[in-house]
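# A look at the structure
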Amino acid sequence: MPSAKTYNPLEAGVLLAIVGAPGFGKSTFVRSSLPYGKLFVVATLPREIVTYAGTDTEYELVDETEGWAPALGKYDATAYVRLMKILYALRTRKDIRTVALDPMSRAVLFAANVTMAGHGVNDWSQIEEKARYTFWQSVKAKTLELCDALEGLRASGKNVMATFHLDVREQEGMGQPQEKIEGGLKKLHWDQGFTPDVIGSVRDTIAGRFDFFSFAERDISADGSATYWLRVAPSQRAWAKSAIPIFDGKQRVPLEFKSLHDAMTSYLSKRTTP
């Protein structure tokens, strides 16, 4: 009879998304993965590079070049394709343990730019109404293709992190609706909830593409010091998703990769497969 074998997904890689406002510790969380192997950051905003200075981190900046300058009538959107080439190339890097896309919110805008370039506009509302459905379908398809590339990195044995900026929107079913009179008409308004800052309807389903989808939270004490948390269970305003129940009913854990690693290790130590 074969002996029991412990399976550890962390050896195969996990796919994690973290959503948060600026200054809530998203990039700090990414850096906290360094003790578990070499980190490669694909930055989509120049300022993100500064947050990794002084660490043993490889990085590459992907941003729209001078070809994308709508004010000058230039609509040459190249960042999306360059980003995809980098992500696919990283699959063969055996020395890289963790890949971070920081922030992925910006990468989705690159996908939108590709489609808007074909219309010669910098704002989807400027697209002819009859062509808007095709535009949104194109943005959704490219966003999901980006998720596929991240899943491919995870399958190649890497931990993969994607950060998203935070958006606040009314969400139907969130809290009690309130009736308000606007323009002489009654309209229902729902409470506001937290969502990833991603354009299009894909923002409502993108969580399903990740093993862990969480929100960064911050508590400020009376003396002005801050404590940072990773939400691991849904709250009234933010939902969180975990592929497997590794957090033993906790609502949130310290915002560091060690929290995820330790919770996963503890969970897997109790489970064996033949």
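Now for a look at the structure at hand. (Residues numbered from 1 in each chain as written. Predicted model: local features only at pLDDT ≥ 70, side-chain atom pairs only at ≥ 80, totals over all residues. Heavy atoms only, no water.)

## Brief notes about the environment of Ala-107
You can see Ala-107 is positioned in helix H5 (residues 104-119). For Ala-107, a relative accessible area of 0% gives the class buried. Between the C-alpha atoms of Ala-107 and Leu-45, which are 62 residues apart in sequence, the distance is 9.4 Å. Filtering out sequence-adjacent residues up to four positions away, Ala-107 remains in contact with Thr-44, Tyr-80, Leu-83, Leu-101 and Leu-146. (Helix = DSSP H or I, 4+ residues; strand = E, 2+ residues; numbered from the N terminus. Buried < 20%, exposed > 50% of the residue type's maximum accessible area, 1.4 Å probe, protein only. Contact = heavy atoms within 4.5 Å.)

## A short note on the pairing of strand S2 (residues 39-43)
Most of S2 sits inside the fold, with five of its five residues counted as buried. A two-sided burial pattern is seen for S2, the buried positions comprising Leu-39, Val-41 and Ala-43 on one face and Phe-40 and Val-42 on the other. Relative to strand S3 (residues 57-61), S2 runs parallel, the two being bridged by five bridges. Within S3, the position partnered with Val-41 by the bridge is Tyr-59. Sheet topology places S2 next to strand S6 (residues 98-102); five bridges connect them, and they run parallel. Within S6, the position partnered with Phe-40 by the bridge is Val-99. (Pairing = 2+ DSSP bridges.)

## Description of the packing of aromatic side chains
All told, the structure shown has nine aromatic pairs when counted by the stated rule. Seen from their ring centres, Phe-29 and Phe-257 are 6.4 Å apart, and the 65° between their planes marks the pair as edge-to-face. In this pair, Phe-29 sits in helix H2 (residues 26-31) while Phe-257 sits in helix H7 (residues 257-269), placing the two residues 228 residues apart along the sequence. Here the two residues Phe-29 and Phe-257 agree in accessibility, since each one is buried. Ring centres of Phe-164 and Phe-213 lie 6.3 Å apart, and the angle between their planes is 45°; on these two criteria the pair is classed as tilted. Of the two residues, Phe-164 sits in strand S7 (residues 159-170) while Phe-213 sits in strand S11 (residues 212-220), which places them 49 residues apart along the sequence. Across this residue pair, the class does not change: Phe-164 and Phe-213 are buried. Put simply, the rings of Phe-164, Phe-210, Phe-213 and Phe-215 touch in pairs and so form one group of aromatic residues. (Phe/Tyr/Trp six-rings, centres within 6.5 Å; stacked < 30°, edge-to-face > 60°.)

## Quick look at H7
Because the α-helix completes a turn every 3.6 residues, residues three or four places apart line up on one side. In a regular helix each residue adds 1.5 Å, so 13 residues correspond to 18 Å; H7 covers 18 Å between its end C-alpha atoms and thus fits that length. Along H7, the positions that sit buried rather than exposed are Phe-257, Ser-259, Leu-260, Ala-263, Met-264, Tyr-267 and Leu-268. Looking straight down H7, one finds its buried side chains confined to an arc of 160°; they lie on one side. (Expected span 1.5 Å × (residues − 1). Arc of directions from axis to C-beta.)

These figures come from the coordinates and say nothing about function on their own.
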